[in-house]
Amino acid sequence: MLMWNNPAFDDHEKVTLIHDVRSGLAAVIALHSTHLGPGAGGTRFWHYPDRDDAVTDALRLSQGMSYKNAMADLPMGGGKAVIIADAQATKTPEMLAAFGKAVEALGGQYVTAEDVGMSEQDMVRIAAHTTHVTGLPVQGEHSAGGDPSPFTAMGIYLGLAAAVQHRLGREDLAGVHVVIQGTGSVGGRLARLLARDGARLTLGDVDAKRAQALAAELGAEAVSADRIMSVPCDVFSPNALGAILDDHGIEQLRTQIVAGGANNQLARPEHGRILEENGVLYTPDYVLNAGGIISVAIEYLARQDGRIAEREEVVGRIEQIPNRLREIWSESESTGRTPSAVADAMARARLGRA
Ligand code: NAD
């Protein structure tokens, strides 16, 4: 399909297709906007049966990064890369080297980091060929960097508490029932933070053993992944897949609040309206889950200045997430627009695309 005819094309500034015959690397780097700074966003390593789907994913995800970075007040634009894995998910040092060279060839317009299927160690390999990579190992106790998921979980935890205060009028989380879908890097850490505050937790994961083990550790309940969305609760927190808030998903929900870290939770924009009509307070995903990109962006910007980023600076910025959410909910209430529509409009205004 021609790029310009792809429904996910949103005036992207540049899309680069990479095919390195020697290493077997096939990749897409999409730059949505560099209006606020270099396009920053991770690299996804994923098997796509159809290569057009990889392009669509890169277009969609890079637009999401523009919105996320703009709303996190970062001097970064939006970009995303996708490495097209074969069916066996073969990933070689040669492929990562070729990918690093492709990032370097963009001269700093695109900054990469971890995403699904890519590790800190992969970033180290890429960094041998480009300086435009972040999410590298931490360099000291008080420095920022490394795995972004603890920072993502921290931001979700703070934003979820703000949503509970806003909708339920509760100042703390003791006894508040939170249902967590997906207990991986983000969902698992979020569960631990909430358990510390005495929240009542119900956990579900397609990896049932993972959810059960965490539930046993935290004194929580585990239910099967296919039941998790219909458990009556105060907060439903999706931390697994995107597009779960479709007609069927929303119909299952028995909650007052949706606040989780999964990217692209709304299957379509109108699902934000359906949530609203069902009396559910929605916490726009890319505002809530920005902690990880805040960490890797601050790490990158500091390194460009020859400094080591301090954890304190990252935490200070993550602590702003609840304020941004309150601004969105307040505008939503005064204008009648949904929180997701308000957030999109704010992001587009910041990108100069109002
Ligand atoms: P992860 O792979 O560590 O964890 C995902 C978990 O979800 C796994 O345990 C998996 O078994 C489970 N899962 C998959 N499908 C499921 C289903 N249908 N029902 C229940 N559980 C299911 O990934 P992660 O890093 O924790 O990321 C989780 C989500 O958050 C993803 O959507 C990711 O894009 C998003 N996100 C992550 C970060 C980060 O810093 N890691 C930042 C922003 C957004």
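Reading guide: rules and limits
- Residues numbered from 1 in each chain as written.
- Predicted model: local features only at pLDDT ≥ 70, side-chain atom pairs only at ≥ 80, totals over all residues.
- Heavy atoms only, no water.
- Near = heavy atom within 4 Å.
- Polar contact = N/O pair within 3.5 Å; in protein donor to acceptor, adjacent residues only side chain to side chain.
- Areas by Shrake-Rupley, 256 points an atom, 1.4 Å probe, with all protein chains shown as cover.
- Helix = DSSP H or I, 4+ residues; strand = E, 2+ residues; numbered from the N terminus.
- Nonpolar A, V, L, I, M, F, W, Y, C, P; charged D, E, K, R; others polar.
- Phe/Tyr/Trp six-rings, centres within 6.5 Å; stacked < 30°, edge-to-face > 60°.
- Buried < 20%, exposed > 50% of the residue type's maximum accessible area, 1.4 Å probe, protein only.
- Lys NZ or Arg CZ within 6 Å of the ring centre and 35° of its normal.
- Axes fitted to C-alpha atoms, helices over the stretch in contact; angles between N-to-C directions.
- Left-handed = near helix turned anticlockwise from the far one by under 90°.
- Contact = heavy atoms within 4.5 Å.
- Parallel < 35°, antiparallel > 145°, perpendicular 65-115°, else oblique.

As annotated in an unreviewed UniProt entry, the protein is Glu/Leu/Phe/Val dehydrogenase dimerization domain-containing protein from Croceicoccus esteveae.

1. A look at the site of the ligand
Taken together, 21 residues form the shell around the ligand, and within it Thr 152, Val 186, Asp 205, Arg 210 and Ala 240 come nearest. Val 186 has a polar backbone atom sitting 2.8 Å from an oxygen atom of the ligand. Taken by itself the ligand offers 830 Å² of open surface, and the protein chains cover 75% of this. Elements with a contribution of two residues or more to the shell around the ligand: helix 4 (149-168) and helix 5 (185-196). Within the shell around the ligand, the residues separate by chemical class into seven nonpolar, 11 polar and three charged.

2. Looking at the packing of aromatic side chains
Overall, the coordinates contain two aromatic pairs when judged by the stated rule. Taken together, a centroid distance of 6.5 Å and an interplanar angle of 65 degrees make the contact between Trp 4 and Phe 9 edge-to-face. Plain terms: the ring middles of Tyr 67 and Tyr 286 are 5.6 Å apart, the flat faces sit at 65 degrees to each other, and that makes the pair edge-to-face. Taken together, the positions of Tyr 67 in helix 1 (residues 51-71) and Tyr 286 in helix 9 (residues 285-288) put the pair 219 residues apart, joining distant regions of the chain. One exposure class covers both Tyr 67 and Tyr 286, and it is buried. For Lys 91, the ring lying beneath its charged end belongs to Phe 45, and the centroid distance is 5.0 Å.

3. Thoughts on the packing of helix 10 (residues 291-304) against helix 11 (residues 311-318)
Think of two packed helices as two axes; the pair is described by the angle between the axes and how far apart they sit. Where helix 10 meets helix 11, the axes come as close as 9 Å, and the angle between the chain directions of the two elements is 145 degrees. Considering only the axes of helix 10 and helix 11, their crossing is right-handed. Contact residues: helix 10 offers Gly 291, Ile 294, Ser 295 and Ile 298, while helix 11 offers Glu 313, Val 314, Arg 317 and Ile 318. Residue classes in the contact of helix 10 with helix 11 are distributed as four nonpolar, two polar and two charged.

4. Here we look at the packing of helix 2 (residues 93-105) against helix 3 (residues 120-127)
At a closest axis distance of 8 Å, the pairing of helix 2 and helix 3 adopts a crossing angle of 60 degrees. Considered as vectors, helix 2 and helix 3 are oriented oblique to each other. Regarding helix 2 and helix 3, the two cross each other, and that crossing is right-handed. Contacts between helix 2 and helix 3 involve Pro 93, Leu 96, Phe 99 and Gly 100 on the former and, on the latter, Asp 122, Arg 125 and Ile 126. The residue inventory of the contact of helix 2 with helix 3, partitioned by class, reads four nonpolar, one polar and two charged.

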